[in-house]
Amino acid sequence: MARVVRFHQHGGPEVLRIEHVDVLPPGQGEVQIRVRALGLNRAEALLRAGAYIEKPTFPSGLGLEAAGVVEAVGAGVTAFAPGDAVSIVPPQSMVRWPAYGELVTFPAALVVKHPPLLSWEAAAAVWMPYLTAYGALIGIAKLGPGDFVAVTAASSSVGLAAIQIANTVGATPIAITRTSAKAPALLAAGAAHVVATEEVDLAARLQQIAGPAGVRVVLDSIGGPIFEPLTAAMSRGGILIEYGGLSPEPTPFPLFAVLSKTLTLRGYLVHEITGNPVKLEAAKAFILDGLASGALRPVIARTFAFDEIVDAHRFLESNTQFGKIVVTV
């Protein structure tokens, strides 16, 4: 038996339970992993609360990221062997393939041998943020040298990954945050500029930074009223990629900015990358190269023990973290 985290009803962090369950051996094309660390994501809190795009069947597991050692491989698996150090690409369904456990099983296509220089904690903090940022900035927006890119919720794990990826391809990352309290840390993390929305006029400051050409790419996870100043500062033909909805307020459609600048407003899910083998291989190659060179460096906000999973979820919902929350197993 192995310990896994499950929940039997929707609710707050307190509904999470650590339970002992029998874990079946890996099947055809599967890899079983002895987990050393888990990466926490907002999607898991949404699933737990009943607000995610996927609906669980109770009792349900959860979790999208893990790193550990291969315990066993199923029939047909030749790329991995027991003892290999690996990490997990987020699956299309965390209800079908939950990661929160001491022993987990995943399709071999979602298992990656990560660079040996990474700690378990760092390895568990890679794939969701970097795949999300890569798919948006490189896969969709074709970000490159000379581009200005505005990144909202910049202190999140995806925001920090986006800043690093922008620097890797020669673009200029502008970190957008609520106050200037995190400005020194964001600048140290690679942001060229930091804009505090509660302290300055967002559109005016972005226009001042980007100049007449404007901001070509916006990566936003907030929505709400911020749409109008963001689009006001964008360049003609620019693209705003929306991958979240943190704002509880309505999101106005910035009609005149969209019309006058022929803007593209694009919804995006990381499933567009993880569900496409060709795109996923390109993304993995880009990210692994960046990790090996040191250009991409996961930022860990805080580490919790497996027995502290409820506290870890409470911290996840506090919106105070800078980077990724990791749980060691």
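That block above? That's the structure.
Residues numbered from 1 in each chain as written. Predicted model: local features only at pLDDT ≥ 70, side-chain atom pairs only at ≥ 80, totals over all residues. Heavy atoms only, no water.

Q: Honestly, the overall build of the chain in this entry has me stumped. Any pointers?
A: In terms of helices and strands, the chain carries 11 helices and 15 strands. Seen through its principal axes, the chain has C-alpha atoms that stretch 60 × 40 × 35 Å. Within the span of the chain, comprising 329 residues, buried residues form 54% of the whole. Across the chain, the fraction of contacts at a sequence separation of at least 24, relative to all contacts at a separation of at least 6, is 70%. Split by element, the accessible area of the chain, about 13,300 Å² in all, is 56% carbon and sulfur. Taking the average location of the 24 positive side-chain charges in the chain and that of its 26 negative ones, the two points are 3 Å from each other. (Helix = DSSP H or I, 4+ residues; strand = E, 2+ residues; numbered from the N terminus. Buried < 20%, exposed > 50% of the residue type's maximum accessible area, 1.4 Å probe, protein only. Contact = heavy atoms within 4.5 Å. Areas by Shrake-Rupley, 256 points an atom, 1.4 Å probe, with all protein chains shown as cover. Lys, Arg positive; Asp, Glu negative; His and termini not counted. Charge placed at Lys NZ, Arg CZ, Asp CG, Glu CD.)

Q: Would you explain the side chain of Thr-105 in this entry?
A: Position of Thr-105 relative to the elements: it lies in strand β6 (residues 103–107). Among the polar contacts listed, one links the side chain of Thr-105 to the side chain of Gln-32, at a separation of 3.1 Å. (Polar contact = N/O pair within 3.5 Å; in protein donor to acceptor, adjacent residues only side chain to side chain.)

Q: Help me understand the side chain of Asp-147 in this model?
A: Locating Asp-147 in the fold gives a position in the loop between α3 (127–140) and β8 (148–151). For Asp-147, the side chain forms a polar contact with the side chain of Arg-216, separated by 2.9 Å. Sequence-distant contacts of Asp-147, defined by excluding residues within four places in its chain, comprise Lys-142, Ala-171, Thr-172 and Arg-216.

Q: Would you explain the pairing of β8 in this entry?
A: It is a general feature of regular strands that their side chains alternate between the two faces of the sheet. Residues of β8 alternate between two faces, with Phe-148 and Ala-150 on one and Val-149 and Val-151 on the opposite face, all of them buried. Two elements, β8 and strand β9 (residues 172–177), share four bridges in a ladder whose sense is parallel. Bridge assignment links Phe-148 to a residue of β9, and that residue is Thr-172. Remark: the β8/helix α4 (residues 157–168)/β9 crossover connection has right-handed handedness. Sheet topology places β8 next to strand β11 (residues 215–220); three bridges connect them, and they run parallel. Note that in β11 the partner of Val-149 across the bridge is Val-217. (Pairing = 2+ DSSP bridges. Right-handed = clockwise from strand over helix to strand, strands pointing away.)

Q: I'm lost on the packing of aromatic side chains in this one. Help?
A: Using the criterion set out here, one finds four aromatic pairs in the structure. Relative to Phe-315, the ring of Phe-304 lies with its centre 5.9 Å away and its plane at 50°, an arrangement referred to as tilted. One end of the pair, Phe-304, is in strand β14 (residues 300–305); the other, Phe-315, is in helix α11 (residues 309–316), and 11 residues separate them in sequence. Lying across the ring of Trp-97, Arg-96 places its NZ or CZ 3.8 Å from the centre. The ring centre of Phe-315 lies 5.2 Å from the NZ or CZ of Arg-302, which sits over that ring. (Phe/Tyr/Trp six-rings, centres within 6.5 Å; stacked < 30°, edge-to-face > 60°. Lys NZ or Arg CZ within 6 Å of the ring centre and 35° of its normal.)

Q: Help me understand helix α6 (residues 202–210) in this model?
A: Quick reminder: α-helices carry 3.6 residues per turn. Residues three or four places apart thus point the same way. Turning to α6, its buried residues number three or more, namely Leu-202, Ala-203, Leu-206, Ile-209 and Ala-210. In a view along the axis of α6, the buried residues occupy a sector of 130°, so they form one face of it. Looking at the buried residues of α6, the elements they touch are β8, β9, β10 (193–196), β11 and α7 (227–232). Two or three places before Ala-203, at the start of α6, stands the capping residue Asp-201, its side-chain oxygen 3.2 Å from that residue's backbone nitrogen. Of the residues trailing α6, Gly-211 is marked for its positive phi of about 75°. (Arc of directions from axis to C-beta.)

Q: Please explain the environment of Gly-323 as it appears in this structure.
A: Relative to the assigned elements, Gly-323 resides in the loop between α11 and β15 (324–328). If we skip the residues at most four places from it in the chain, Gly-323 touches Ser-155, Ser-156, Ser-157, Leu-160, Val-299 and Ala-301.

Q: Even after reading the chapter, I still don't get the sheet that holds β10, so can you show me in this structure?
A: Two pairing modes exist for strands in a sheet, parallel and antiparallel, and in both the strands are linked by backbone hydrogen bonds. The six strands lie next to each other as β10-β9-β8-β11-β12-β13, forming an open sheet whose pairing is parallel. Both outer strands of the open sheet, β10 and β13 (264–267), are each paired with one neighbouring strand and no more. Going across the sheet, the axis of each strand differs from the next one's by a mean of 20°, ignoring polarity. Here α4 sits on the sheet in contact with β8, β9 and β11, set at roughly 165° to β9. Each of β8, β9, β10 and β11 is contacted by α6, which is oriented at about 165° to β10, the strand it contacts most. (Axes fitted to C-alpha atoms, helices over the stretch in contact; angles between N-to-C directions.)

Q: I keep staring at a nonpolar patch on the surface and nothing clicks. Help me out?
A: On the surface, Phe-253, Leu-255, Phe-256 and Leu-259 cluster together into a nonpolar patch covering about 480 Å² of accessible area. Along the chain, the position of Phe-256 falls in helix α8 (residues 255–261). In this structure Phe-256 comes out as exposed when scored by relative accessible area, which is 68%. (Patch = residues over 30% accessible without salt bridge, like charges linked within 9 Å, V, L, I, M, F, W, Y side chains within 5 Å. Salt bridge = Lys/Arg side-chain N within 4 Å of Asp/Glu carboxyl O.)

Q: What's the story with unusual backbone geometry in this structure? I'm lost.
A: Most of the time, phi is negative for any residue but glycine, and the peptide bond is trans. With omega at -5°, the peptide bond leading from Phe-58 into Pro-59 counts as cis. One can find Pro-59 in the loop between α1 (42–49) and β4 (65–73).

Q: Is there a simple way to explain the pattern of salt bridges in this structure?
A: The full count for this structure, using the stated rule, is 11 salt bridges. Between Glu-102 and Arg-3 there is a salt bridge, with its nearest N and O atoms 2.9 Å apart. A residue pair is termed long-range when its members are at least 10 positions apart, and Glu-102 in the loop between β5 (85–88) and β6 and Arg-3 in strand β1 (residues 2–7) qualify at 99 residues. With a closest N to O distance of 2.9 Å, Asp-147 and Arg-216 form a salt bridge. Within this pair, whereas Asp-147 is found in the loop between α3 and β8, its partner Arg-216 is found in strand β11, the two being separated by 69 residues in sequence. Given a relative accessible area of 14%, Asp-147 falls into the buried group.

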